[in-house]
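Coordinates in review
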Amino acid sequence: MHLGRPLPRAARATVFSVACVLSSLAMHVLAGGAPVRPVTLYGAIAAAWAGAYLLGRRQRGVNVLLPACFAAQYGMHHLFTWGAIPVPGQHGHGAGMGTGLGMLLVHAMVAVISAWWLERGESSLATVIRLLAASLGRLWTALRLLVRIPVTIRYGTRRPAWPERDTPRDRLLRTARHTRRGPPAFSSVL
């Protein structure tokens with residue numbers, strides 16, 4: 001199974017976009033931002049999904065993922081600000097450090113963690129899928145061998161369900177196995 005095929009890419013992009021957007025929103029609100037409208041949340045998930053799907057064609061390293069995650073966090077910050085649910089008595093992001101250095105650090109931290117998680121997750125997922133494919137291949141081979149040797153049980157003995165073929169190779173091996181080697185059994189000694 002190739003990781004860049006559409007179905008695995010879509011599944012990976014879905015998991016990433018939901019996890020990334022929800023963690024970003026949680027940190028955004030903890031840093032003083034206001035909660036957002038559901039339509040804003042769904043829009044952020046859709047945008048993150050599209051970016052993850054486009055980048056998911058092949059395995060990417062931190063050198064690609066980190067700038068992409070910073071760009072996504074920058075976009076999400078502005079999207080969350082635009083789509084904020086108005087809270088009575090608060091203006092903009094809210095009180096405290098919501099508009100300053102704290103908000104910047106929170107989104108930067110989420111970007112770094114997301115990039116690290118994606119890079120590690122991508123390589124781990126690729127390894128797991130390769131190991132699973134190899135294991136399934138071995139299991140398939142073992143099952144085929146078991147199915148190719150049907151055995152019927154009659155009176156406590158196991159016998160093949162089909163007649164044995166007698167090839168020239170089989171005859172040669174049978175003859176070699178039954179031929180005695182060494183000195184004759186009863187040799188006369190002078």
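Just so it is clear, the structure is predicted and the values come from calculations on it, not from any experiment. Residue positions within a chain follow its written sequence, with the count starting from 1. Predicted model: local features are reported for residues with pLDDT of at least 70 only, side-chain atom pairs are reported and counted for 80 or more only, and whole-chain, interface and lining totals are derived from all residues. For side-chain calculations, the full set of non-hydrogen atoms in the structure is used, while hydrogens and water are omitted.

Quick word on the overall build of the protein chain
Test applied: Helix numbers and strand numbers start at the N terminus; a helix is a DSSP run of H or I with at least 4 residues, a strand a run of E with at least 2. Burial classes follow relative accessibility: with a 1.4 Å probe on protein chains only, a residue under 20% of its type's maximum area counts as buried, one over 50% as exposed, and anything between as partly exposed. Residue contacts are counted whenever heavy atoms from the two residues lie within 4.5 Å of one another. Residue burial considers only the protein chains on display, and all accessible areas are found by Shrake-Rupley using a 1.4 Å probe.
The number of helices and strands found in the protein chain is five helices and two strands. Sequence-ordered secondary structure for the protein chain, helices as α and strands as β, is α-α-α-α-β-β-α. A burial count over the protein chain gives 26% of its 190 residues as buried. Pairs at least 24 residues apart make up 79% of the contacts formed inside the protein chain by residues separated by at least 6 positions. With the model as given, the accessible surface of the protein chain reaches about 13,800 Å², and the carbon-plus-sulfur share is 68%.

Points about the confidence of the model for the protein chain
Which entries qualify depends on this criterion: You can read pLDDT as the predictor saying how much it trusts each residue, on a scale of 0 to 100.
Averaged over all residues, the pLDDT of the protein chain equals 76, while 67% of them reach at least 70. When mean pLDDT is taken per element in the protein chain, helix H2 (residues 38-55) scores highest with 91 and strand E1 (residues 151-154) scores lowest with 53. Contacts for the low-pLDDT stretch residues 93-97, under 50 throughout, to residues beyond four places or in other chains number 15 contacts.

A few points about the side chain of Ser 24
Checked against the element boundaries, Ser 24 lands in helix H1 (residues 6-30). Excluding anything up to four places from it in sequence, Ser 24 contacts Gln 73, Met 76, Phe 80, His 107 and Val 110.

Some points on the layout of surface pockets
Defined as follows: Think of a 1 Å grid over the protein atoms and nothing else: a 1.4 Å probe that fits but is trapped marks a cavity, an open set flanked by protein within 12 Å on at least five of seven lines marks a pocket, and residues with an atom within 4 Å of a point count as lining. Grid points are joined across faces, edges and corners, and a volume is the space filled by probe spheres set on the points. Three residue categories are used. Nonpolar comprises Ala, Val, Leu, Ile, Met, Phe, Trp, Tyr, Cys and Pro, charged comprises Asp, Glu, Lys and Arg, and polar comprises the others, including Gly.
One number sums up the size of the largest pocket: a volume of about 490 Å³. Counting residues per element, the ones that place at least two in the lining of the largest pocket are H1, H2, helix H3 (62-82) and helix H4 (101-148). Counting residues per element, the lining of the largest pocket draws most heavily on H3, which supplies seven residues. The residue inventory of the lining of the largest pocket, partitioned by class, reads 18 nonpolar, four polar and five charged.

Here we look at the packing of aromatic side chains
Put simply, the rule reads: Ring pairs shown here join Phe, Tyr and Trp side chains whose ring centres sit within 6.5 Å, with only the six-membered ring taken for Trp; geometry is labelled stacked below 30 degrees between planes, edge-to-face above 60, and tilted in between.
The tally for this structure, following the rule as stated, stands at one aromatic pair. Ring geometry for Trp 49 against Tyr 53: centres 5.0 Å apart, planes inclined by 10 degrees, an arrangement best described as stacked. Highlighted residues: Trp 49 and Tyr 53, both in helix H2, separated by four residues, approximately one helical turn.

Observations regarding the environment of Arg 9
Here is the rule: Here a polar contact is taken to be a pair of N or O atoms separated by no more than 3.5 Å, where protein atoms must pair a possible hydrogen donor with a possible acceptor and residues adjacent in sequence count only if both atoms sit in side chains.
When you line up the elements, Arg 9 lands in helix H1. Judged by relative accessible area, Arg 9 falls into the buried class, the value being 8%. A polar atom in the side chain of Arg 9 sits 2.6 Å from the backbone oxygen of Tyr 53.

Comments concerning the packing of H2 against H3
Put simply, the rule reads: Interaxial angles span 0 to 180 degrees and are taken between N-to-C directions of axes, which are lines fitted to C-alpha atoms, for helices over the stretch in contact. These descriptions rest on fixed angle ranges, namely under 35 degrees for roughly parallel, over 145 for roughly antiparallel, 65 to 115 for roughly perpendicular, and the rest for oblique. Handedness of a crossing follows from how the near helix is turned relative to the far one, being left-handed for an anticlockwise turn of less than a right angle and right-handed for a clockwise one.
Their axes nearest at 10 Å, the elements H2 and H3 cross at an angle of 165 degrees. If you check the angle between H2 and H3, you find them roughly antiparallel. Taken as a pair, H2 and H3 cross one another with a handedness that is right-handed. Here H2 contributes Thr 40, Gly 43, Ala 44 and Leu 55 to the contact with H3, which in turn contributes Val 64, Ala 68, Met 76, Leu 79, Phe 80 and Trp 82. Considering only residue class, the contact of H2 with H3 consists of eight nonpolar, two polar and no charged.

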